[in-house]
Amino acid sequence: MRRQLISVRNYVTSGVTQLPYYARKLPSYLWQARQMKLQFSVHYISYISTLVLLIALALGLYTRWEHSQDLTILIIGVVGMFLFGISCALTYYFSMESVSSALVHLWLGCLLGMVSFTEKVEFSHDTAEEVMNIMLLTSLVLYCFSVIGEQFKSSAATEATMLTKSELLEMTGMVIASFLTDKDFVSVALLTVALGITIIGIRMKSILAVLNLLCLVIVSATLFFPALKVSVNVYSLCCFVGRVVVEPLVDLFISKLTVLERWQVFLRASQFRRRIALLIMATAQISHVCVAARFMPNHKEWYIVVPIFVAFAVLWFLFHVVYFITCWQLMNKITDCNLTFGSLHDEGKNISRIMASKGVRHFSLISQRLVLYTIISTLIIAVIGFETRNGLTISMLFIVLPLELMVLSLLLELGSVLGGTCVGYALVVPASYYRQDGGATLLPAVTLQEVGARSTQILNQIQRFFSYHIIDTYGCDYSSSGITAESLETKLKTFFERRTTDGPRFDTYVVYYSGHVHNSGDWALADNGLLKITTLLEWWREQNTDYGARLILILDTEHSHTWVKPIRRNNTDFVAIQTYKASKITDPEEGCEVHIGDFTKDWVEYNCGNELGVKWGGVSRVVKPLYGSSKCWSDFTFHLPTNEDIAQHWNANFPKITRHLIKAINFPNFGSVCCCCDCVLKCLKRKRMIWCPPLELDTGHGFKLIRS
């Protein structure tokens, strides 16, 4: 009896322990079922959309063959059925889904083009034609729902691409249809190419490309097809444009990829391919002006318009020479960034940080205005040739315009996202026992060896920090016997004078020091010399007059925290200090000894990707990080190009014949309209930094200043 009770108890206990396992697994099972149901629903809607589209196209082809008895339409329909059968066979018998999908999309684009370009007035009263139009719109709506569902289903960031195979094949089918129907094949083909370039611009996450798409649709409906004197089926064209445009538009607003991540498809290509792309773009731009000039004599008042066109064509040529040189130099900078990216270790690979260190931001800010005026010159040429417009000039305009808008969007993104330039200098002096009277202190050989090894480790860590954040290194000096005041003055003044390869000064200057100091925080130099904070700031002001660069001091010394207050009281310079303060050890047996270099090790580790491995806020932590910034620190902005910078850039890179254009683009700056609001915001930021400074102060170069 007892054994039976024990067995019943064990059975009940095992059942109770198993129940929570299935209960915990039930939500995951439900989630998987929901995902499978969503995936099935998305594919189901996509298949229905394609089926409705096929029925609509079949009705349209039948209506056109019934009224015209055109043998071409019959052949297209038979070939379409044959290709549909082949695609089904390739999918279900040979598992060649990619080839099958390519045939289907090519066929759909061709059939949509046939239905579009064979429209006649008598079709408007046909019942089958009306049903076809309704089914085309229904198919487009279902396709939009399937694309949105697919995007939400795969919410993770997808790979960046310029143009999908389905979009390319459907546009190719449209071009084939224009050739078969003999509806100005060249103009329609070029307009289709313009649509493809606009889609590429949208996939590059350019809002300007969306505006260009709206203009393309409006101009095509009101000017392009009337200029060709071709009647088209609006519903089939809307279905075609919607099928190739809806996915890029949805991807524009839903995808998590940034603009730079999307552009990596092009920027990471080989230098040869990028230069070939620039040459193709230049050929398209020249062809656009040549086509516009070809039809300019057809104007009724050609004797007035032609001289005006020639004058603006010369201006157009000069701006486009500047535009081409700008794009070429940008590609050279991108090539330099790619080479640097390939030479770095995995922990330091950050293309944005590399671009910032190479001065791409400053270059982009200068080039934005140049490219903007280039686009304006293109639009002026188009406006002058408005009266002599035809399908060829319109299609060429919308090939050139999205290309120039994409370049402008890229420059705007690089100018707003990338950080400024930064240069660093490090000085490491072995910190041993220092006597206030300047006398010598005898140290054991073991102590000297430990101090030397610790200093070498500090030097390696700061070099790693400069390399990780792509900081231009002026030098990392190691002096075992100290450095004199004269040598340090020469070194720092030369460092403060350092400029980028493009000419302007660096945005940020970083000075690292680890070595002897007095109790006041002043640096103890050789021959009883010292460096005070006031002297250091005087040297900085001599080289930073009216420029607005900033200075960051990183000090790993015993008493450098005494410099924090003088820097916080500074109201004229953009200066910040990062150091530490060692807490008092109440129990010598439990406390750990603080060595010079402990702070550098943790700070570098924290700013080189190991943020979780360093705990600054621990109660038992002895080394407490501390930073201080001047009162005007929050007013700092990365350097914006001045008229002098633009003139210097122009003289160094562009031909002399274009230098007169500087006066056209260097218009005076009348100040900000919201200057009062800017003053209020600056005041609020200053008060916030004084009353509630953040625990982590982002410098904009990838590393942070820390306080505990």
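Residues numbered from 1 in each chain as written. Predicted model: local features only at pLDDT ≥ 70, side-chain atom pairs only at ≥ 80, totals over all residues. Heavy atoms only, no water.

Asker: Please clarify how the confidence of the model for the protein chain should be interpreted in this entry.
Answerer: Overall, the predicted model of the protein chain reaches an average pLDDT of 83, with 86% of residues at or above 70. Overall, residues 11-26 carries pLDDT values under 50, and its contacts beyond four positions in sequence, including any with other chains, amount to 0 contacts. When the criterion is pLDDT under 50, residues 668-674 qualifies, and its contacts beyond four places in sequence or with other chains add up to 1 contact. (pLDDT = per-residue confidence, 0-100. Contact = heavy atoms within 4.5 Å.)

Asker: Whenever I open this one, the pattern of salt bridges confuses me. Can you help?
Answerer: Opposite charge on two side chains allows them to pair when their charged atoms are near. What the rule picks out here adds up to 16 salt bridges. Between R262 and D251 there is a salt bridge; the shortest N-O distance is 2.7 Å. Of this pair, R262 sits in helix 9 (residues 259-267) while D251 is found in helix 8 (residues 234-254), placing the two residues 11 residues apart along the sequence. The same class applies to R262 and to D251, which are both buried. For K333, the salt bridge goes to D502, with nearest N and O atoms at 3.2 Å. (Salt bridge = Lys/Arg side-chain N within 4 Å of Asp/Glu carboxyl O. Helix = DSSP H or I, 4+ residues; strand = E, 2+ residues; numbered from the N terminus. Buried < 20%, exposed > 50% of the residue type's maximum accessible area, 1.4 Å probe, protein only.)

Asker: I would appreciate a short explanation of helix 16 (residues 485-496) in the present structure.
Answerer: Three or four residues apart is the spacing at which side chains of an α-helix point the same way, because the helix has 3.6 residues per turn. Look at helix 16: 16 Å from first C-alpha to last across 12 residues, which is about the 16 Å you get at 1.5 Å a residue. L488, L492, F495 and F496 are the residues of helix 16 that are buried. The buried residues of helix 16 occupy one face: seen down the axis, they fall within an arc of 95 degrees. For helix 16, exposure combined with an orientation more than 90 degrees from the buried face picks out E486 and T490. (Expected span 1.5 Å × (residues − 1). Arc of directions from axis to C-beta.)

Asker: When you look at the state of the cysteines in this model, what are you seeing that I'm missing?
Answerer: Covalently bonding the sulfur atom of one cysteine to the sulfur atom of another cysteine gives a disulfide. Applying the stated criterion across every chain yields a total of 0 disulfides. As a non-bridged cysteine, C238 has C239 as the owner of its nearest cysteine sulfur, 8.8 Å distant. Looking at C238, the relative accessible area reads 39%, which means it is partly exposed. (Disulfide = S-S within 2.5 Å.)

Asker: Hey, could you run me through empty space enclosed by the protein in this one?
Answerer: If you roll a probe as big as a water molecule over the atoms, it shows you where there is empty space left. With the rule as written, the count across this model stands at 4 cavities of 30 Å³ or more. The space that makes up the largest cavity amounts to roughly 110 Å³. Looking at the largest cavity, it is lined by 15 residues, and the ones nearest its centre are G359, H362, T421, R505 and D507. When residues of the lining of the largest cavity are assigned to their parent elements, the largest contribution, 3 residues, is made by helix 13 (residues 360-384). (1 Å grid on protein atoms, 1.4 Å probe; cavity = no way out; pocket = protein on both sides within 12 Å on 5 of 7 lines; lining within 4 Å. Points joined across faces, edges and corners; volume = space filled by probe spheres on them.)

Asker: Would you explain the nonpolar core in this entry?
Answerer: Looking at soluble globular proteins, one finds that nonpolar side chains tend to be buried together. Of all hydrophobic cores here, the largest spans 91 residues; its most connected members are L112, L195, W263, L330, M355 and L414. No other element matches the 15 residues that helix 14 (residues 391-417) contributes to this core. Excluding anything up to four places from it in sequence, L112 contacts L53, L57, L136, M174, S236, C239, F240 and R243. Formed by 37 residues, the second largest nonpolar core is a distinct cluster that contains V428, I462, A576 and V604. (Core = buried A, V, L, I, M, F, W, Y, C linked by side-chain atoms within 4.5 Å.)

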